[in-house]
Amino acid sequence: FDFLLVAKSDNHQASNITTHQKRKRNAKCRLHHKSTETTTKAAAAAAALTTTTTTTTTAESQTKMQLSATTIGSWIMAVMMMLSSSSTTTTAFTTIMPAVSHSQLDAYKVFIDGEAGTTGLQVRERLEKRDDLEIISPPSELRKDEATRKELINEADVVILCLPDAASIEAASWVNEDNDRTVLIDASTAFRVDDTWTYGFPELSTEQREALSKSKRISNPGCYPTGFIGLTRPLVEAELIPEGTPLTVNAVSGYSGGGKALMEIYESGDAEPWGAYGFNLAHKHIPEMSKYSKLNRKPIFQPQVATFVQGMVVSVPLHYEWLKEGTKATDLHETLQAYYKDSKFIEVMPMESSDLLERGAFLRPDTLANTNKMQLFVFANDDNEQAVLCARLDNLGKGASGAAVQNLNIALGLDETTGL
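Worth saying up front: this structure is predicted, and the values here are computed from it rather than measured.

A look at the overall build of the protein chain
Phase 1 of the analysis: Helix and strand counts for the protein chain come out as 13 helices and 16 strands.
Phase 2 of the analysis: Taking all 420 residues of the protein chain together, the buried fraction comes to 50%.
Phase 3 of the analysis: Across the protein chain, every contact between residues at least 6 apart in sequence was considered, and the portion connecting residues at least 24 apart equals 74%.
Phase 4 of the analysis: Accessible surface computed for the protein chain: about 19900 Å², of which carbon and sulfur atoms make up 51%.

Considering helix α13 (residues 397–411)
Phase 1 of the analysis: If you check α13, its first and last C-alpha atoms are just 18 Å apart, much less than what 15 residues at 1.5 Å a residue would give, namely 21 Å.
Phase 2 of the analysis: The largest bend in α13 comes to about 45°, at A403.
Phase 3 of the analysis: Burial within α13 is extensive, with 15 of its 15 residues counted as buried.
Phase 4 of the analysis: G413, located one to two residues past α13, shows a positive phi value of around 75°.

Quick look at the packing of helix α8 (residues 206–214) against α13
Phase 1 of the analysis: Running from amino to carboxyl end, α8 crosses α13 at an angle of 70°, the nearest separation of the two axes being 7 Å. Put simply, α8 runs roughly perpendicular to α13. Counted together, R209, L212 and S213 of α8 and N407, I410 and A411 of α13 form the full contact between these two elements.
Phase 2 of the analysis: Tallied by class, the residues present in the contact of α8 with α13 amount to 3 nonpolar, 2 polar and 1 charged.

Thoughts on unusual backbone geometry
Phase 1 of the analysis: Despite not being glycine, N370 has its phi angle at roughly 70°, a positive value.
Phase 2 of the analysis: Tracing the chain through its elements places N370 in the loop between β14 (346–348) and β15 (374–381).
Phase 3 of the analysis: Non-glycine residue E385 carries a positive phi angle of around 55°.

Regarding the sheet that holds strand β7 (residues 183–186)
Phase 1 of the analysis: Within the open sheet, the 6 strands sit side by side as β5-β4-β6-β7-β9-β8. Their pairing is parallel. If you trace the sheet from one side to the other, it starts and ends with β5 (133–135) and β8 (198–199), each paired once.
Phase 2 of the analysis: Two elements, strand β6 (residues 158–161) and β7, share 4 bridges in a ladder whose sense is parallel. Paired with I160 across the bridge in β7 is I185.

Some details on the packing of aromatic side chains
Phase 1 of the analysis: Here the structure, examined in full by the defined rule, presents 6 aromatic pairs.
Phase 2 of the analysis: Judged by centre distance (3.7 Å) and plane angle (5°), the ring pair of Y199 and Y292 falls under stacked. With Y199 in strand β8 and Y292 in helix α11 (residues 286–292), this residue pair connects regions lying 93 residues apart in the sequence.
Phase 3 of the analysis: On the basis of relative accessibility, which here comes to 2%, the residue Y199 falls in the buried class.
Phase 4 of the analysis: Residues Y339 and Y340 carry aromatic rings whose centres are separated by 5.1 Å and whose planes lie at 70° to one another, so their mutual orientation is edge-to-face.

Describing the packing of helix α9 (residues 223–237) against helix α12 (residues 329–339)
Phase 1 of the analysis: Where α9 contacts α12, the two axes come as close as 9 Å, and the packing angle between them is 100°. Between α9 and α12, the crossing angle belongs to the class labelled roughly perpendicular. Two secondary-structure elements touch here, α9 through G230, L231, R233, P234, L235 and E237 and α12 through L332, T335, L336 and Y339.

Looking at the sheet that holds strand β13 (residues 312–319)
Phase 1 of the analysis: Spatially, 7 strands are ordered β11-β12-β10-β13-β16-β15-β14 in an open sheet, and the strand pairing comes out mixed. Edge positions in the sheet fall to β11 (274–276) and β14, since each of these pairs with one other strand and no more. The sheet shows a mean angle of 20° between the axes of neighbouring strands, taken without regard to direction.
Phase 2 of the analysis: Pairing of β11 with strand β12 (residues 300–306), which is carried by 3 bridges, proceeds in the antiparallel orientation. Residue G275 lies in a different strand from β12, and its bridge partner there is V305.
Phase 3 of the analysis: Sheet strands in contact with α9 are β10 (248–254), β12, β13, β15 and β16 (386–393), and its direction is about 35° off that of β13.

Criteria and thresholds
Residues numbered from 1 in each chain as written. Predicted model: local features only at pLDDT ≥ 70, side-chain atom pairs only at ≥ 80, totals over all residues. Heavy atoms only, no water. Helix = DSSP H or I, 4+ residues; strand = E, 2+ residues; numbered from the N terminus. Buried < 20%, exposed > 50% of the residue type's maximum accessible area, 1.4 Å probe, protein only. Contact = heavy atoms within 4.5 Å. Areas by Shrake-Rupley, 256 points an atom, 1.4 Å probe, with all protein chains shown as cover. Expected span 1.5 Å × (residues − 1). Bend = angle between axes of the 7 residues up to and from the residue. Axes fitted to C-alpha atoms, helices over the stretch in contact; angles between N-to-C directions. Parallel < 35°, antiparallel > 145°, perpendicular 65-115°, else oblique. Nonpolar A, V, L, I, M, F, W, Y, C, P; charged D, E, K, R; others polar. Pairing = 2+ DSSP bridges. Phe/Tyr/Trp six-rings, centres within 6.5 Å; stacked < 30°, edge-to-face > 60°.

As structure tokens, this is what we get:
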């Protein structure tokens, strides 16, 4: 007979199980024993196990049993003793079978492909303490092994791709044709304007959240676009900002947005204190900014990096003459408030926000580090007929790993705030 045991042990040695199923940090492991020879005693033991667990012990069974490593040993020993004895009893199984909690039976398997990168590490940190999920990982030496990754991608309920664009495209192609179960969440820019994927910004609309709950292919938004789209989409839909308005986006991010390579430069002490980039006016975030803001016009995007690790501020300056006639700052603010009134993570800050500024003057970019929150501000001078919209968020939180976890929750039908 075949039987599947899922073990959880803080000190389990990965070398004792099959290579592709080793656990790197949380030491969860899978021991899969197959016996190709069927005997009368084996059949009797299987029947006893079926009686005790009240589920059919077949290859198609979906039951998962979370057991301690000690219990694994005692169970296997008991099975072997019964196979060598003249009879088997359900009593023996009843004695050694522990109670299995509902959460343990229902744990979803999650594979983070690229978990060693900045986004992958934060995704894992947000997921590994949850008992409703089981993170499956290859050993470090097989982290880039194609066969191992393919197997884990098709084993998982959810795969979060934290890879460069080309690698994400390749990994997405590895889902088996008959696999209509696995949800892919891609953190790269590869699929963000691909209409066959669902854009992972649930706050865009009720319809967007509903689409995410049914989707198997989700593209995580970029960090800068999250701020820009969050500010402009409600105003375009309300026709306060006309479609096609030529906007500018000024933004500053912590240096973690550049990944490990840029982090090493900044942390070595050799980096400039502040740096602007994107002077070719063709930044990879611009297409999704244009599409999902509904402006349908590419904004001029001026990103910058400074000497802090996490966080960002995205700013959009406006002249009133660009807006619907008669529009004032209060109209902008009230429209944003109404749009996000039910949001769990997006907050529209009060118009009089001077007390939220450092020393009454500075909008600090790292205030929301390590959260999935985003704050929206409207600063304005009606006399000069000008306004500046600002979004503050964590580039690795709501701008990356936090959004991925939020999308995972929605795709699995869980409370979207779980783990966040």
